[in-house]
Amino acid sequence: MNRTLIDDVDFRILQQLINDSTLSHKEIGLQVHMTGQAVGARIRRMRDCGIIEGYTVRWNPDKIGHAVHALITVFLSSNTVHPAFQEFAKSNSSVVETYRVSGEGCYWMRVHTVNQQDLNAFLDQLLEFGNYRVNLAMGQIK
């Protein structure tokens, strides 16, 4: 983030949204000593500048039956499979995050599945693009 595009008030508003994006403009205004209308204008400007790209929801996959959390390093078999792999990662509902990485491996993925059988089926699909290394999450710290 380029801090020159925003002042300290914008940064404090942004921090409030990062902590809880459901806060109203009025609630944020109370924290930064501004009216809700002024906060709304600053938020719109930050969206227009691309500083705020969107909003998201933190959710608990265990509560909806997605009990298996896998962290997967993907090693593609050739340079030609990158586009197909990227499309697979974007379109697969089990994939929560995918990053192209430097160092060991080509991509890093975070995957949630209902059970071990679904994870195995997912891993079988990955073999179409190359090899992988799987680590299972034992518990979330942050």
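What counts, and where the lines are drawn
- Throughout this description, residue numbers start from 1 for each chain and increase along the sequence as written.
- pLDDT decides what is reported in this predicted model: residues at 70 or higher carry local features, side-chain atom pairs at 80 or more are listed and counted, and totals for whole chains, interfaces and linings draw on all residues regardless.
- Heavy atoms throughout the structure, all of them, feed into the side-chain values; hydrogens and water do not.
- A 1.4 Å probe rolled over the protein chains alone gives each residue an accessible area, and that area as a share of the maximum for its type sets the label: buried under 20%, exposed over 50%, partly exposed in between.
- Secondary structure elements follow DSSP: runs of H or I no shorter than four residues count as helices, runs of E no shorter than two count as strands, and numbering proceeds from the N terminus.
- The arc refers to the directions leading from the helix axis to the C-beta atoms.
- Contact criterion: two residues are considered in contact whenever any of their non-hydrogen atoms come within 4.5 Å of each other.
- N or O atoms closer than or at 3.5 Å make up a polar contact, with two conditions inside protein: a donor-capable atom paired with an acceptor-capable one, and, for residues adjacent in sequence, both atoms drawn from side chains.
- Should DSSP find at least two bridges between two strands, the strands are taken to pair.
- Angles here are taken between N-to-C directions and fall from 0 to 180 degrees, while the axes themselves are lines fitted to C-alpha atoms, restricted in helices to the stretch in contact.
- In this analysis, rings of Phe, Tyr and Trp, with Trp reduced to its six-membered ring, are considered paired at centre separations within 6.5 Å, and the interplanar angle assigns stacked below 30 degrees, edge-to-face beyond 60, and tilted for intermediate values.

Trainee: I'd like to hear about helix α5 (residues 116–126), residue by residue, with values.
Mentor: When α5 is considered as a whole, its buried residues turn out to be Leu119, Phe122, Leu123 and Leu126. Down the axis, α5 shows its buried residues gathered within 100° of arc, on one side only. Along α5, exposed side chains directed more than 90 degrees from the buried face belong to Gln117 and Asp124. Those residues of α5 that are buried lie in contact with β1 (68–76), α4 (82–91), β2 (95–100), β3 (107–113) and β4 (130–136). Measuring from the side-chain oxygen of the N-cap residue of α5 to the backbone nitrogen of Gln117 gives 3.2 Å; that N-cap residue is Asn115.

Trainee: Can you explain the sheet that holds β3? Please cite residues and give values.
Mentor: Read across the sheet, four strands follow the order β2-β3-β1-β4 without closing on themselves; strand pairing throughout is antiparallel. With one partner strand each, in any of the chains shown, β2 and β4 form the two edges of the open sheet. The average undirected angle you get between the axes of adjacent strands in this sheet is 20°. The pairing of β1 with β4 spans seven bridges and is antiparallel. Among the inter-strand pairings, Phe75 is bridged to a residue of β4, identified as Asn131. Along the sheet face, α5 touches β1, β2, β3 and β4 and points at about 10° away from the line of β1.

Trainee: Break down unusual backbone geometry for me, citing the residues and quoting the values.
Mentor: With phi around 60°, His33 is a residue other than glycine that occupies positive phi space. As for its placement among the helices and strands, His33 is situated in the loop between α2 (25–32) and α3 (36–48). Judged by its relative accessible area of 72%, His33 falls in the exposed class.

Trainee: Would you mind going over the packing of aromatic side chains in detail, with residue names and values included?
Mentor: Taken as a whole, this structure holds six aromatic pairs when the rule is applied. Centre to centre, the rings of Phe85 and Tyr107 are 4.6 Å apart; their planes meet at 45°, and the pair counts as tilted. With Phe85 in helix α4 and Tyr107 in strand β3, the pair connects residues that are 22 residues apart, well separated along the chain. Of the two residues, Phe85 and Tyr107, neither departs from the other in class, the shared state being buried. Here Tyr99 and Trp108 contribute two aromatic rings whose centre-to-centre distance is 5.6 Å and whose plane-to-plane angle is 40°, an arrangement assigned as tilted. Overall, Trp108 belongs to the partly exposed group, its relative accessible area being 26%.

Distances and angles like these do not, on their own, reveal function.
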